[in-house]
Amino acid sequence: MNLLQLEKYFHQRLKANYPDSEIENFFFWTLEEILGIQRIDFVLQKNNAVDYQNIDRIKKVIQRLRNEEPIQYIFGSTEFYGLLFNVSTDTLIPRPETEELVEWIIETVKQDEYLSSLSELRILDIGTGTGCIAITLTKLIPSANTTAVDISKNALTVAESNSALNEVNVHFVISNVLELSSLENEFDIIVSNPPYVRNSEKIEIKNNVLKYEPDTALFVEDDDPLLFYRKIGKLSLDSLTNNGYLFFEINQYLGEETVDLLSKLGYQHIELRKDLFGNDRMIKCRLS
Ligand SMILES: C[S@@+](CC[C@H](N)C(=O)[O-])C[C@H]1O[C@@H](n2cnc3c(N)ncnc32)[C@H](O)[C@@H]1O
């Protein structure tokens with residue numbers, strides 16, 4: 001089988017499961033991972049034969065994709081904000097919406113005269129997962145001194161591998177934020193993308209997420225969906241500096257409720273922002 005025939009075979013085996021554009025992305029991702037061939041070189045190499053061993057490996061990838069396994073878990077990595085991150089089924093796969101949150105934080109720091117003048121900007125990321133938020137901020141903000149917390153030991157192992165991969169130092173801490181009575185240190189930026197999907201919203205969630213991504217990273221009980229926001233909001237009252245900012249990624253259906261909760265806790269200058277899909281997705285606020 002040559003590369004062109006392989007492409008046809010790949011599409012034919014997956015067309016019942018995915019739209020064409022997605023299959024095309026999967027095909028080129030697989031080609032690069034398994035054969036080391038980049039998309040731009042495909043045309044030149046399309047008549048080259050693929051050996052049996054590699055065809056076998058690619059068939060196994062196709063089978064896993066047919067089982068709705070995310071390609072990021074199959075190859076164990078993904079890109080976030082132009083950086084490479086390891087992922088495993090112990091970590092959420094970083095989302096484009098979260099890249100927008102990171103962008104907002106970087107923009108805020110740049111535009112804030114006081115924060116950008118600090119020689120050390122203390123950042124706390126709660127529920128770090130792969131470490132995508134903490135590591136990207138540390139990579140892009142030279143003054144960042146970053147601490148990142150997660151309840152999952154396995155997720156923290158992945159996050160540690162990612163800080164080495166991206167050559168930054170982040171202080172990782174294993175902790176259940178819901179059981180903390182204080183945050184111990186002061187921080188200029190506190191950020192969290194906590195679990196926020198209500199169990200009742202599971203019907204809207206695709207199988208590839210439901211079957212493979214960790215429940216602890218995603219879901220909260222219907223009767224108290226904002227528990228992480230309330231807890232982190234309260235903890236931050238004593239730990240966020242007066243010139244600092246608290247950032248959250250939020251459930252698109254609970255924008256107004258989350259703003260209301262933060263306002264009742266005493267936060268000021270609360271801004272609710274939509275993501276690139278037009279959904280309420282992130283909040284920025286301050287103590288004064
Ligand atoms: C939505 S994921 C976010 C992961 C990553 N920050 C991102 O944006 O892709 C939520 C993370 O919070 C962690 N988490 C869940 N419950 C927690 C708790 N009680 N204390 C600390 N972390 C928790 C999960 O393990 C998961 O990594």
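The rules behind the values
Residues numbered from 1 in each chain as written. Predicted model: local features only at pLDDT ≥ 70, side-chain atom pairs only at ≥ 80, totals over all residues. Heavy atoms only, no water. Helix = DSSP H or I, 4+ residues; strand = E, 2+ residues; numbered from the N terminus. Expected span 1.5 Å × (residues − 1). Buried < 20%, exposed > 50% of the residue type's maximum accessible area, 1.4 Å probe, protein only. Pairing = 2+ DSSP bridges. Near = heavy atom within 4 Å. Polar contact = N/O pair within 3.5 Å; in protein donor to acceptor, adjacent residues only side chain to side chain. Areas by Shrake-Rupley, 256 points an atom, 1.4 Å probe, with all protein chains shown as cover. Nonpolar A, V, L, I, M, F, W, Y, C, P; charged D, E, K, R; others polar. Contact = heavy atoms within 4.5 Å. Axes fitted to C-alpha atoms, helices over the stretch in contact; angles between N-to-C directions. Parallel < 35°, antiparallel > 145°, perpendicular 65-115°, else oblique. Left-handed = near helix turned anticlockwise from the far one by under 90°.

**Q** Explain helix H6 (residues 96–111) residue by residue, including any values.
**A** The end-to-end C-alpha distance of H6 is 23 Å, a good match for the 22 Å that 16 residues give at a rise of 1.5 Å each. Along H6, the residues that are buried comprise Glu 97, Thr 98, Leu 101, Val 102, Trp 104, Ile 105, Ile 106, Thr 108 and Val 109.

**Q** Go over the pairing of strand S1 (residues 77–80) with me, naming the residues and quoting the values.
**A** Bridge analysis of S1 against strand S2 (residues 83–86) gives four bridges, and the strand direction is antiparallel. When the bridges of S2 are listed, Ser 77 appears paired with Asn 86. What sits between S1 and S2 in their antiparallel hairpin is a turn of two residues, with Tyr 81 showing a positive phi close to 50°.

**Q** Please give an account of the site of the ligand that cites residues and values.
**A** Around the ligand sit 20 residues, and of these Gly 127, Asp 150, Asn 176, Asn 193 and Ala 217 come closest. One nitrogen or oxygen atom from the main chain of Ile 151 is found 3.2 Å from a nitrogen atom belonging to the ligand. Take Val 177: an N or O atom from its main chain is 3.0 Å from a nitrogen atom of the ligand. Burial of the ligand by the surrounding chains reaches 96%, relative to a free accessible area of 600 Å². If you list the elements that add at least two residues to the shell around the ligand, you get helix H8 (132–140) and helix H11 (215–218). Taken together, the residues that form the shell around the ligand break down as 11 nonpolar, eight polar and one charged.

**Q** Please give an account of the environment of Ile 189 that cites residues and values.
**A** Counting through the fold element by element, Ile 189 comes out in strand S6 (residues 187–192). Sequence separation of Ile 189 and Gly 233 is 44 residues, and the distance between their C-alpha atoms is 13 Å. Setting aside residues no more than four positions away along its own chain, Ile 189 makes contact with Ile 105, Val 109, Leu 115, Leu 121, Arg 122, Ile 123, Leu 124, Tyr 245 and Phe 247.

**Q** Please set out the packing of helix H12 (residues 227–239) against helix H13 (residues 255–265) residue by residue, giving values where relevant.
**A** One way to put it is that H12 packs onto H13 with a least axis distance of 10 Å and a crossing angle of 30°. Here H12 is positioned roughly parallel relative to H13, judged by the angle of their axes. Between H12 and H13 lies a crossing of right-handed hand. Only Thr 258, Leu 261 and Leu 265 of H13 make contact with H12, whose side of the interface consists of Tyr 229, Arg 230, Gly 233, Lys 234 and Leu 237. A breakdown of the residues in the contact of H12 with H13 according to their chemical character gives four nonpolar, two polar and two charged.

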